[in-house]
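Descriptive analysis of the structure
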Amino acid sequence: MLESAITERAADTNRANAQLALRAAERLVSANVSTVAADLGVSERHLRRVFRDAVGVSPKEFAKLVRFDRAISAAHADVRASWASIAAATGYYDQAHLIGEFHSICGVTPRALLSELRG
């Protein structure tokens, strides 16, 4: 799904930038922007510009959304898992960080969101 979205947006972008954005997206799942930029041999500023042009959000925002998606998937996979263990397994600093990001992304707590999704 990510690849097709980037491909659609990349119609106005050159192919090299689209490929850079795809490679960065794969790495942003488990690394920060500065590490990804260094791994790809580009400056952070260049990576941020190319990524935003190709994907539509910043690399940091993308990583935040990927982490959010992983947390939701983990909660669906194990309904008895604690939010602290889900936070640790999906890349959050702690449970408070997870709850704060859920509030900033969807305006509710993780438990409230899961109730809405299941209901």
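Described below are features of the structure shown in this document. (Residues numbered from 1 in each chain as written. Predicted model: local features only at pLDDT ≥ 70, side-chain atom pairs only at ≥ 80, totals over all residues. Heavy atoms only, no water.)

Moving on to the layout of surface pockets. Of the pockets and cavities examined, the largest pocket occupies roughly 450 Å³. Around the largest pocket, the lining comprises 19 residues; the ones closest to its centre are A31, N32, K60, A63 and R67. Looking at the lining of the largest pocket, the elements with two or more residues in it are α3 (33-40), α5 (59-77) and α7 (95-106). Counting residues per element, the lining of the largest pocket draws most heavily on α5, which supplies 7 residues. (1 Å grid on protein atoms, 1.4 Å probe; cavity = no way out; pocket = protein on both sides within 12 Å on 5 of 7 lines; lining within 4 Å. Points joined across faces, edges and corners; volume = space filled by probe spheres on them. Helix = DSSP H or I, 4+ residues; strand = E, 2+ residues; numbered from the N terminus.)

Attention now moves to the packing of aromatic side chains. Under the defined criterion, the tally for this structure stands at 3 aromatic pairs. With centroids separated by 5.4 Å and ring planes inclined at 65°, the aromatic side chains of F51 and F62 adopt a geometry described as edge-to-face. Taken together, the residues F51 in helix α4 (residues 44-55) and F62 in helix α5 connect sequence positions 11 residues apart. As far as burial versus exposure is concerned, F51 and F62 are alike and both buried. Among the aromatic residues, those joined into a ring-pair cluster are F68, W83 and F102. (Phe/Tyr/Trp six-rings, centres within 6.5 Å; stacked < 30°, edge-to-face > 60°. Buried < 20%, exposed > 50% of the residue type's maximum accessible area, 1.4 Å probe, protein only.)

By size, the foremost hydrophobic cluster in this structure holds 17 residues, and its most contacted members are L28, L47, F51 and F62. Looking at this core, the elements that each hand over two or more residues are α2 (15-28), α3, α4 and α5. (Core = buried A, V, L, I, M, F, W, Y, C linked by side-chain atoms within 4.5 Å.)

All right, on to the side chain of K64 then. For K64, the location among the structural elements is in helix α5. The buried charged residue K64 lacks any salt bridge partner; its closest oppositely charged side chain belongs to E61, at an N-O distance of 4.4 Å. At a separation of 3.1 Å, a polar atom in the side chain of K64 contacts the side chain of S104. Not counting the four nearest positions on each side in its chain, K64 is found in contact with E101, S104 and I105. (Lys, Arg positive; Asp, Glu negative; His and termini not counted. Salt bridge = Lys/Arg side-chain N within 4 Å of Asp/Glu carboxyl O. Polar contact = N/O pair within 3.5 Å; in protein donor to acceptor, adjacent residues only side chain to side chain. Contact = heavy atoms within 4.5 Å.)

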